[in-house]
Amino acid sequence: MNTARALTRRSFLMGVAAIAPLTILLAGCSAEDDATSSGGTASAQNSTPSASSDNASARGNVLVAYYSAQGHTEAVAQTIADELGADTFEITPVEPYSDDDLDWTDDNSRVTLEHEDEGLRDAELTQVAPDGWDGYDTVLVGYPIWWGIAAWPIDNFISGNDWDGKTVIPFCTSTSSGLGKSGDLLAEAAGSGDWREGRRFSSSADESEVRDWVSSLNLA
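Owing to the predicted nature of the structure, the values given are computational and were not obtained by experimental measurement.

The rules behind each value
- Residues numbered from 1 in each chain as written.
- Predicted model: local features only at pLDDT ≥ 70, side-chain atom pairs only at ≥ 80, totals over all residues.
- Heavy atoms only, no water.
- Helix = DSSP H or I, 4+ residues; strand = E, 2+ residues; numbered from the N terminus.
- Buried < 20%, exposed > 50% of the residue type's maximum accessible area, 1.4 Å probe, protein only.
- Contact = heavy atoms within 4.5 Å.
- Areas by Shrake-Rupley, 256 points an atom, 1.4 Å probe, with all protein chains shown as cover.
- Polar contact = N/O pair within 3.5 Å; in protein donor to acceptor, adjacent residues only side chain to side chain.
- Salt bridge = Lys/Arg side-chain N within 4 Å of Asp/Glu carboxyl O.

**Q** Looking at this structure, how should I read the overall build of the protein?
**A** Regarding its fold elements, the protein presents 6 helices and 7 strands. Reading the protein from its N end, one meets helices and strands in the order α-β-α-β-α-β-β-α-β-α-β-β-α. Here the protein, with 220 residues, has 51% of them falling under the buried criterion. In the protein, once contacts between residues fewer than 6 apart in sequence are set aside, the share between residues at least 24 apart is 77%. Of the roughly 9400 Å² that the protein leaves accessible, carbon and sulfur atoms contribute 44%.

The structure is reproduced here in structure tokens:
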């Protein structure tokens, strides 16, 4: 492996919490994502993709949409939704990421190949538009950070929906990387909507920190 490639891999390690499997002892990296323990299968596999309306969106038609690879982003998203009484929508790839897919140390793993070739990042989703999409005024969009940007399974959700007239607030999870330009890049891909400043949470964010941030948004 040459020096440039090694530096790229090191950047991924810092920005992708929990992408590596437990055997590599990097589950706390920054993949702030989906559901399985330390780099396993995306939690999206076992959840319904449609928006959950159990809370009846008590705070004015708010939706929390998120992609999570190892559960970290999902935990933050659920806290936000609970605090706002909002609906949730889990962004789910048709082909979820397995432990092997998320092994960034393997030159031939899915995530490595996709990182090196943007043309491979077109992850088909089980559902692009949440049920009742037109009725939501505010959408909070959550994702883990992969290689310094939003995890690309979220891309088709962003480009496949009409954001006109919606207030959009991004949030992400990672071990050490910040929000960076991820929110700006998603806003550019969306092409419309009132995109607000987002927030980064650690992959082990305390619920009180998340609730304090939600309160500061004045969405109630």
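**Q** Sorry if this is basic, but what is going on with unusual backbone geometry here?
**A** As a rule of thumb, non-glycine residues mostly have phi less than zero, and peptide bonds are mostly trans rather than cis. Here tryptophan 147, not a glycine, exhibits a phi torsion of approximately 50°, which is positive. Counting through the fold element by element, tryptophan 147 comes out in the loop between strand 3 (138-146) and strand 4 (149-150). Not every positive phi belongs to a glycine, and asparagine 218 is a case in point at roughly 55°. Here asparagine 218 falls in the exposed class, since its relative accessible area comes to 66%.

**Q** Would you explain the side chain of serine 68 in this entry?
**A** Take serine 68: it is sitting in the loop between strand 1 (62-66) and helix 2 (72-84). Under the relative-accessibility criterion, serine 68 is labelled buried at 0%. Of the polar contacts made by the side chain of serine 68, one reaches the backbone nitrogen of glutamate 74; its length is 3.1 Å.

**Q** Any chance you could explain the pattern of salt bridges here in plain terms?
**A** When the charged atoms of two side chains with opposite charge come close together, those side chains can pair. A full pass over the atoms with the stated rule returns 6 salt bridges. Between arginine 211 and glutamate 83 there is a salt bridge, with the nearest N and O atoms lying 2.5 Å from each other. Pair noted here: arginine 211 is in helix 6 (residues 207-216) and glutamate 83 is in helix 2, with a separation of 128 residues, a long-range link. Taking the relative accessible area as the measure of exposure, arginine 211 reaches 26% and is therefore partly exposed. Put simply, glutamate 207 and arginine 211 hold a salt bridge, and the shortest N to O gap is 3.3 Å. One end of the pair, glutamate 207, and the other, arginine 211, are both in helix 6, 4 residues apart, so they sit about a helical turn from each other.

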